[in-house]
Amino acid sequence: MSTLRMAAVAAEFGRDLDEDFLVAERLIKEAREDGVRLLALPEACLGGYLLSLDDSAEVDEGPPALALDGPEIRRLAALAGEMTVVAGYCEADTDGNRYNSVVCVTGDGVLGNHRKVHQPLSEDASYSSGDRFHAFDTPVGRIGMMICYDKAFPESARALALHGAQIGVCVSAWPGARTNAAADLEQDRWKRRFDLFDRARALENQIVWLSANQAGTFGSLRFVGSAKVVDPGGEILADTGVASGIAVAELDVVQTLETARRSMGHLRDRRPETYTYAGAVTA
């Protein structure tokens, strides 16, 4: 049996990149001391998220745009060392486009990168959109990544699972409800949706699921935290709740997936030829 100790973070990050790296370094050090080999940090943890998702609200220049092959990502890789670390950032491409992205690194460099495909509310005013989902091999297994609103679409996680992902890693800056907000975040309806999506995406694809999220507040947004590790049966193995923290779990990923899929294999038992949309009404 070969077990993997993995963790997802709920923490607060802002515009100050140096401060963000100090927080990331502390979290990576804490996870390393706990024997964690795969660590997921939140969406936009390098440079912070947007101040608001409302066009009429206060705006700023947004997070610093970083090159995938630039010094900041190399700095993150150096911090990761022998660990596999996933972290969100604002990516700049050579054409001057900005993407809400997530990168996976070890001390050897970049293993994978994903640009957020689905953009909620006014996010498309700040970022260009990605155009694919893919899985890739890492020292801790085959991983597929997505960002926040991506997980609201079943096709996103299914595409990763069909591409062989054993572990889905979703990094988020998921806030509480914008209207009729609950005083207690634990009772917030957007937190419930966040948790339901995590459990559903793991269960329907029978994969291990890591969900990292921003915590605290930034601009007009109040984040729900709730970082967690979910097993292929949709059961939560570790959860930070709405506070900052690290959710840690350990399991044999290969054996766990084999067991989950032995009798009812959701990927194996698919009937793609029946999934047609003839006559469907689209908005």
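This is a predicted model, so every value here is computed, not measured.

Student: Lay out the overall build of the protein chain in plain terms, naming residues and giving numbers.
Tutor: Within the protein chain, the regular secondary structure consists of five helices and 15 strands. Against the globule reference of 19 Å for 283 residues, the protein chain gives a C-alpha radius of gyration of 18 Å, in line with a compact fold. With respect to the principal axes defined by its C-alpha atoms, the protein chain has extents near 50 × 50 × 45 Å. A total of 283 residues make up the protein chain; the buried ones form 53% of that total. Residue pairs in contact within the protein chain that sit at least 24 positions apart in sequence constitute 66% of those at least 6 positions apart. Working note: accessible area of the protein chain is about 12,500 Å², and carbon and sulfur atoms make up 50% of it.

Student: So what's going on with the pairing of strand 7 (residues 135-138)? Which residues, and what values?
Tutor: Bridge count for strand 7 against strand 8 (residues 141-147) is four bridges, and the pairing is antiparallel. Bridge pairing in strand 8 links Phe136 to Ile143. In sequence, strand 7 turns back onto strand 8 through a hairpin of two residues.

Student: Account for the nonpolar core, naming residues and giving values.
Tutor: The biggest cluster of nonpolar side chains holds 36 residues, and the ones touching the most others in it are Met6, Leu38, Ile167 and Leu210. Ranked by the residues each element gives to this core, the list is headed by strand 1 (residues 4-11), at four residues. Ignoring any residue separated from it by four or fewer positions in sequence, one finds Ile167 in contact with Leu4, Leu38, Val140, Arg142, Ile143, Gly144, Val208, Leu210 and Val253. Counting residues in hydrophobic clusters, the runner-up holds 28 residues, among them Ile28, Leu39, Leu46 and Ala80.

Student: So what's going on with the pairing of strand 14 (residues 236-239)? Residues and values would help.
Tutor: Of the strand pairs in this sheet, strand 13 (residues 228-230) and strand 14 are connected by three bridges, and their pairing is antiparallel. The residue bridging Val230 from the neighbouring strand is Ile236, located in strand 14. Between the end of strand 13 and the start of strand 14, which pair antiparallel, lie five residues, with Gly234 showing a positive phi angle near 85°.

About the criteria used
Residues numbered from 1 in each chain as written. Predicted model: local features only at pLDDT ≥ 70, side-chain atom pairs only at ≥ 80, totals over all residues. Heavy atoms only, no water. Helix = DSSP H or I, 4+ residues; strand = E, 2+ residues; numbered from the N terminus. Rg over C-alpha atoms; globule rule 2.2 N^0.38 Å. Buried < 20%, exposed > 50% of the residue type's maximum accessible area, 1.4 Å probe, protein only. Contact = heavy atoms within 4.5 Å. Areas by Shrake-Rupley, 256 points an atom, 1.4 Å probe, with all protein chains shown as cover. Pairing = 2+ DSSP bridges. Core = buried A, V, L, I, M, F, W, Y, C linked by side-chain atoms within 4.5 Å.

Purely geometric stuff here, so don't read any function into it on its own.
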